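In case you want the letters, here they are:
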Amino acid sequence: MFTALSVFPQYLLPKQALTELAGKFAKANAGGLTTFAIQRFIQHYAVDMSEAVNPDIHSYRTFNDFFTRALLIEKRPIAQTSYICPVDGAISQLGVIRSNQIIQAKGRNYSATALMGGDSELAEEFHDGNFATLYLSPKDYHRVHMPCSGRLTRMIYIPGTLFSVNPGTVRGVPSLFARNERVVCVFESERGPFVLVLVGATIVGSISTVWHGVVNPRRAGQLRDWRYDSQARMFEKGDEMGRFLLGSTVVMLFPKNRIVFNPLWTPGRTVRFGEMMGTEAGEIR
């Protein structure tokens, strides 16, 4: 009951208007105001700027430039394994997709079909497969990388609401990840398809991919579907594939008998881009 009451104000907030306002400021070159906002943000969230390629906060023209800052390569070595963690963040949930259901939080599930915007054929490819949900807090590095090599075949923009995706809201709002605005990126690999879903949230100005740029510059409320089957859009493990302009969540789906997660990976664990996420099923570790 406490959780439900604590998230109730989010149902009343003008989430889209707040997000659009924040997005305008985040992409504005506001000089000293931008630097002040960056400085306060770093202090409030204890951001470690020693990991950034550019640690000089005065050199960032916009808040978005700071927020999507690049990290020093040596700070995120790529593990010698089949699957690496694609982001800095924390594990929200992971496990098996049973009867089309994905665990959101204890006592709360949502369907893979709903996550895919109602595409039951796409969701069926992950029947009895595995999922992992990774939460990116405001202080985290906000570029998203490839967990393994793959060829882009499809991208779906699904409009939705903009609830916060912090742990409290995830516990309190039913089917949160299937309700929020999101971008579904479908890849094909040597062992079949996999999906990275970039989930939007309150104050997330936009979601961007390296092949398209900003996917949601105007929130028109319409689902959009791009097909890349005839194009050779290959990405190697560790390549950047997208980024968030302010924090959010990535949901990954893999087919049955595809991945065995790192046994150290459990809900609540902090993870870093490049670390071991898992191995191929049947692979000797």
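Residues numbered from 1 in each chain as written. Predicted model: local features only at pLDDT ≥ 70, side-chain atom pairs only at ≥ 80, totals over all residues. Heavy atoms only, no water.

Draft legend 1. Seen up close, the sheet that holds strand β10 (residues 206-209). Pairing in this open sheet of 4 strands is antiparallel, and the strands run β6-β14-β10-β11 from one edge to the other. Pairing within the sheet leaves two strands with one partner each, and these edge strands are β6 (143-145) and β11 (213-214). Across 2 bridges, β10 lies against β11 in antiparallel orientation. The residue bridging S208 from the neighbouring strand is V214, located in β11. (Pairing = 2+ DSSP bridges. Helix = DSSP H or I, 4+ residues; strand = E, 2+ residues; numbered from the N terminus.)

Draft legend 2. Region of the structure containing the packing of aromatic side chains. Considering all chains together, one arrives at 16 aromatic pairs under this definition. Ring pairing ties together the aromatic residues F41, Y45, Y60, F63, F66 and F67, which thus form one cluster. (Phe/Tyr/Trp six-rings, centres within 6.5 Å; stacked < 30°, edge-to-face > 60°.)

Draft legend 3. Structural view of the pattern of salt bridges. One pass over the full model with this rule turns up 9 salt bridges. A salt bridge links R76 to D88, with the nearest nitrogen and oxygen atoms 2.6 Å apart. Of this pair, R76 sits in the loop between α4 (63-67) and β1 (83-84) while D88 is found in the loop between β1 and β2 (89-96), placing the two residues 12 residues apart along the sequence. Here the two residues R76 and D88 agree in accessibility, since each one is buried. Ionic pairing is found between R227 and D225, a salt bridge with its closest N-O pair at 3.7 Å. By relative accessible area, which is 35% here, D225 ends up partly exposed. Where salt bridges share partners, they join D119, R154, D225 and R227 into one cluster. (Salt bridge = Lys/Arg side-chain N within 4 Å of Asp/Glu carboxyl O. Buried < 20%, exposed > 50% of the residue type's maximum accessible area, 1.4 Å probe, protein only.)

Draft legend 4. Region of the structure containing helix α3 (residues 32-45). Between its first and last C-alpha, α3 extends 20 Å over 14 residues, near the 20 Å set by a 1.5 Å rise per residue. By the burial criterion, the buried members of α3 are T34, T35, A37, I38, F41 and I42. End-on view of α3: buried residues confined to an arc of 160°, all on one side of the axis. For α3, the exposed residues lying more than 90 degrees away from the buried face are G32, L33, Q43 and H44. (Expected span 1.5 Å × (residues − 1). Arc of directions from axis to C-beta.)

Draft legend 5. Region of the structure containing the nonpolar core. Judged by nonpolar contacts, the single largest core of 36 residues is most densely connected at F187, W211 and M241. Those elements giving two or more residues to this core turn out to be β2, β5 (130-135), β7 (150-158), β8 (182-189), β9 (192-199), β14 (240-245), β15 (249-254) and β16 (259-261). Membership of the second largest hydrophobic core comes to 29 residues, among which are Y110, I156, L176 and V199. (Core = buried A, V, L, I, M, F, W, Y, C linked by side-chain atoms within 4.5 Å.)

Draft legend 6. Focus on unusual backbone geometry. One non-glycine residue, D128, lies in the positive phi region at around 65°. Tracing the sequence through the fold places D128 in the loop between α6 (120-124) and β5. Overall, D128 belongs to the partly exposed group, its relative accessible area being 28%. In this structure, N257 takes a positive phi of about 60° despite not being glycine. Note on placement: N257 falls in the loop between β15 and β16.

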